[in-house]
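Listed here are the chains, written in short residue letters.
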Amino acid sequence: MKPFTLPRLAFTLVLLLSPLAHAEWGELTKDDEVFYGWDKDSVQTIHVSRLVWAITNLSSPTKMGNGADFQSILTRYRIHCKNDTFLKLSESIYERPDGKGRELYTVDKPDWRPNDTAIRPGTHLALLKKQICAPTQTASAQ
């Protein structure tokens with residue numbers, strides 16, 4: 001085997017075995033132009049925070065600043081259930097819906113991460129928080 005073949009094989013296996021490769025996106029909200037969803041199987045509990053993968057699918061391709069068309073954004077969030085805040089941990093932009101096609105752009109460097117941001121009422125992030133934090137809020141209220 002050539003030296004570069006083994007790393008490619010390992011990377012392919014990681015992608016195929018990844019929960020995102022087979023994610024079924026639960027609906028948060030949608031309209032004629034955009035679908036916001038989340039992967040229930042990706043939720044991880046860390047104290048009063050939750051880590052979760054979310055997706056934004058656009059009904060038609062949209063141009064990026066470099067002229068490339070994209071149709072979905074895959075985002076890893078940390079939602080703080082008690083402070084009502086969120087932090088983007090990673091974000092990737094793809095050519096086609098559901099995080100498929102060529103990855104056009106990604107950001108996941110620690111120095112990119114800003115401070116936590118307030119979750120605005122009535123947004124898809126407020127709906128996401130309600131879905132993933134409800135068990136914690138119920139348990140702490142008892």
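See the structure shown above.
Figured I'd write up the structure that's included with this text.

What counts, and where the lines are drawn
- Residues numbered from 1 in each chain as written.
- Predicted model: local features only at pLDDT ≥ 70, side-chain atom pairs only at ≥ 80, totals over all residues.
- Heavy atoms only, no water.
- Helix = DSSP H or I, 4+ residues; strand = E, 2+ residues; numbered from the N terminus.
- Buried < 20%, exposed > 50% of the residue type's maximum accessible area, 1.4 Å probe, protein only.
- Contact = heavy atoms within 4.5 Å.
- Areas by Shrake-Rupley, 256 points an atom, 1.4 Å probe, with all protein chains shown as cover.
- Pairing = 2+ DSSP bridges.
- Salt bridge = Lys/Arg side-chain N within 4 Å of Asp/Glu carboxyl O.

**Notes on the overall build of the protein**
Of the regular secondary structure elements, the protein holds two helices and eight strands. Beginning at the N terminus, the succession of helices and strands in the protein can be written as α-β-β-β-β-β-β-β-β-α. Buried residues in the protein amount to 37% of all 142 residues. Within the protein, residue pairs in contact and separated by at least 24 positions form 45% of the contacts whose partners lie at least 6 positions apart. Split by element, the accessible area of the protein, about 9,300 Å² in all, is 54% carbon and sulfur.

**A closer look at the pairing of strand 7 (residues 100-107)**
Relative to strand 7, strand 6 (residues 85-96) runs antiparallel, the two sharing five bridges. In the strand pairing of strand 7, Ile93 is matched with Tyr105. Linkage of strand 6 to strand 7, two consecutive antiparallel strands, is achieved through a turn of three residues, within which Asp98 is found at a positive phi near 60°.

**So, the pattern of salt bridges**
In this structure the tally under the stated criterion is five salt bridges. Two residues, Asp116 and Arg78, come together in a salt bridge whose shortest N-O distance is 2.6 Å. Highlighted residues: Asp116 in the loop between strand 7 and strand 8 (117-118) and Arg78 in strand 5 (residues 69-80), separated in sequence by 38 residues.

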